[in-house]
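# Commentary on secondary and tertiary structure
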Amino acid sequence: MILEYLPEKLVNKVKGMVSDVKQHWTTPKPGRLVPYKEVAAYGFGGMGIYWATILSSQIGLSANNFLVGHAINLKPVDLQIMLNIANVIVFAITFVRSYFYDNINSKDGKIRPFLKWSLVPLAVLSTAFVWMPYERMEYYQKVIVVEIFYLAIAFFSPYVTEGFYMLAQVMSSDSNERTDVMSIGQLLMSFAPTLSNLFVPYLAMLTGGVTNIRTYRIIYPIISIIGLPLAFLTYSGTRERIIKPKDEPFSVTFKDAIVTISKNKYYWIIQSANWVVFLESGYGVVLGWSFVYAHQGQYESSLGIANT
């Protein structure tokens, strides 16, 4: 066994962790509220969410988007105009979504109901998007169809992607335990993009590469279907423990929300971190253009290794 070659202290630590997980798999540790089974459901459900939404995440209004910019072949200038229009509408949608989050009154909590009802519509919309008969459409028809689908997807997508991260905030009333749930859960979830970035470019070669719409009609929907049952673990396998009583009057105005958030130092820390992630994600654009366009797809099969 591999444990025979490890230091004794490390072996004892590993055995202790395994024993602890077994003992508190369904029953929380003393002083805690969340059992390990629920943490596992959150993490593996996060993997499912990533795969279930992998197709919708490929739909963007930019020239460097392989699906819309190359496979559907919309012009960069038109894509920028479409994006500007979409941003204005999505900004308005954000108000509606925030209102629902703040004022929902459900026995399941604030986050889980949105995860339950948004996963399937998002997968269906994404699949319908790629299967539209773009080959037989006039250019202006493609512009209209892409814009409408993009807005519909933008309505459901945040309920799923943001909902996963917000769910950890309401699974426990203890801040230390919430930190542990987020750390373990998101560590498990991170295996999904690692595996996808490695293998999807290889699978895409079977359908003509990442610039061929057949890839998005076949490979990505299959991954989404595989991810859906796993994604529902975030609803069925978790509980919210910070739930507002039904008889408690509750209303949050937009002004009150802005004032409160502006005074929250953690909000600004998180936003700064998001900007770092945004800048870091630029590598994906560089790699994509290098492997797919600069070399005319000659090294496209190696994109998975480069991503990893």
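In what follows, the structure referred to is the one given above.
What comes next is a walk through the structure. Within each chain, residue numbers correspond to sequence positions counted from 1 in written order. Local features in this predicted model are restricted to residues of pLDDT 70 or higher, and side-chain atom pairs are both shown and tallied only at a pLDDT of 80 or more, whereas totals for entire chains, interfaces and linings draw on every residue. Working from all heavy atoms in the structure, the side-chain values ignore hydrogens and water.

## Quick look at the nonpolar core
- For this analysis, a nonpolar core means a set of buried residues of the types Ala, Val, Leu, Ile, Met, Phe, Trp, Tyr and Cys, connected via side-chain atoms within 4.5 Å. Three exposure classes are used, based on accessible area relative to the maximum for each residue type with a 1.4 Å probe and protein chains only: buried under 20%, partly exposed in between, and exposed over 50%. By size, the foremost hydrophobic cluster in this structure holds 57 residues, and its most contacted members are Leu67, Ile72, Phe129, Tyr134, Val146 and Tyr216.
- Elements with a minimum of two residues in this core: α2 (36-52), α3 (66-71), α4 (76-103), α5 (112-130), α6 (139-170), α7 (175-189), α8 (191-204) and α9 (213-231).
- Only DSSP runs of H or I reaching four residues or more are called helices, and only runs of E reaching two or more are called strands; each is numbered from the N terminus. The dominant element in this core, judged by the number of residues it contributes, is α6, at twelve residues.

## Topic: the pattern of salt bridges
- By definition, a salt bridge exists where a carboxyl oxygen of Asp or Glu is found within 4 Å of a side-chain nitrogen of Lys or Arg. Evaluation of the coordinates by the stated rule reveals five salt bridges.
- Residue Asp108 pairs with Lys107 through a salt bridge whose shortest N-O separation is 3.6 Å.
- Taking the relative accessible area as the measure of exposure, Asp108 reaches 15% and is therefore buried.
- The exposure class of Lys107 is exposed, given its relative accessible area of 65%.

## Things to note about the packing of α7 against α8
- Lines fitted to C-alpha atoms define the axes here, with helix axes fitted over just the stretch in contact, and angles between the N-to-C directions of these axes take values from 0 to 180 degrees. Packing of α7 against α8 brings their axes to within 4 Å, and their N-to-C directions diverge by 15 degrees. One finds that α7 runs roughly parallel with respect to α8. Residues Leu187, Leu188 and Met189 of α7 touch α8, and the partners they reach there are Phe191, Ala192 and Pro193. Angle categories: roughly parallel below 35 degrees, roughly antiparallel above 145, roughly perpendicular from 65 to 115, and oblique for all the rest. The contact criterion used is simple: two residues touch if any of their non-hydrogen atoms lie within 4.5 Å.

## Structural notes on the side chain of Ser172
- Relative to the elements of secondary structure, Ser172 occurs in the loop between α6 and α7.
- Counted as a polar contact is a pair of N or O atoms within 3.5 Å, where, for protein atoms, one must be capable of donating a hydrogen and the other of accepting one, and residues adjacent in sequence contribute only when both atoms are in side chains. In terms of polar contacts, Ser172 uses its side chain to reach the backbone amide nitrogen of Asp174, at 3.0 Å.
- If near-sequence neighbours (up to four positions away) are discounted, Ser172 is found in contact with Leu33, Val34, Glu177, Arg178 and Ile242.

## Notes on the packing of aromatic side chains
- Only Phe, Tyr and Trp rings are paired, with Trp represented by its six-membered ring, and only when their centres lie within 6.5 Å; those with planes under 30 degrees apart are stacked, over 60 edge-to-face, the remainder tilted. Summed over the entire model, instances satisfying the criterion amount to nine aromatic pairs.
- Where Phe129 meets Phe149, the ring centres are 5.9 Å apart and the plane angle is 80 degrees; that geometry is what we call edge-to-face. Taken together, the residues Phe129 in helix α5 and Phe149 in helix α6 connect sequence positions 20 residues apart. The same class applies to Phe129 as to Phe149, namely buried.

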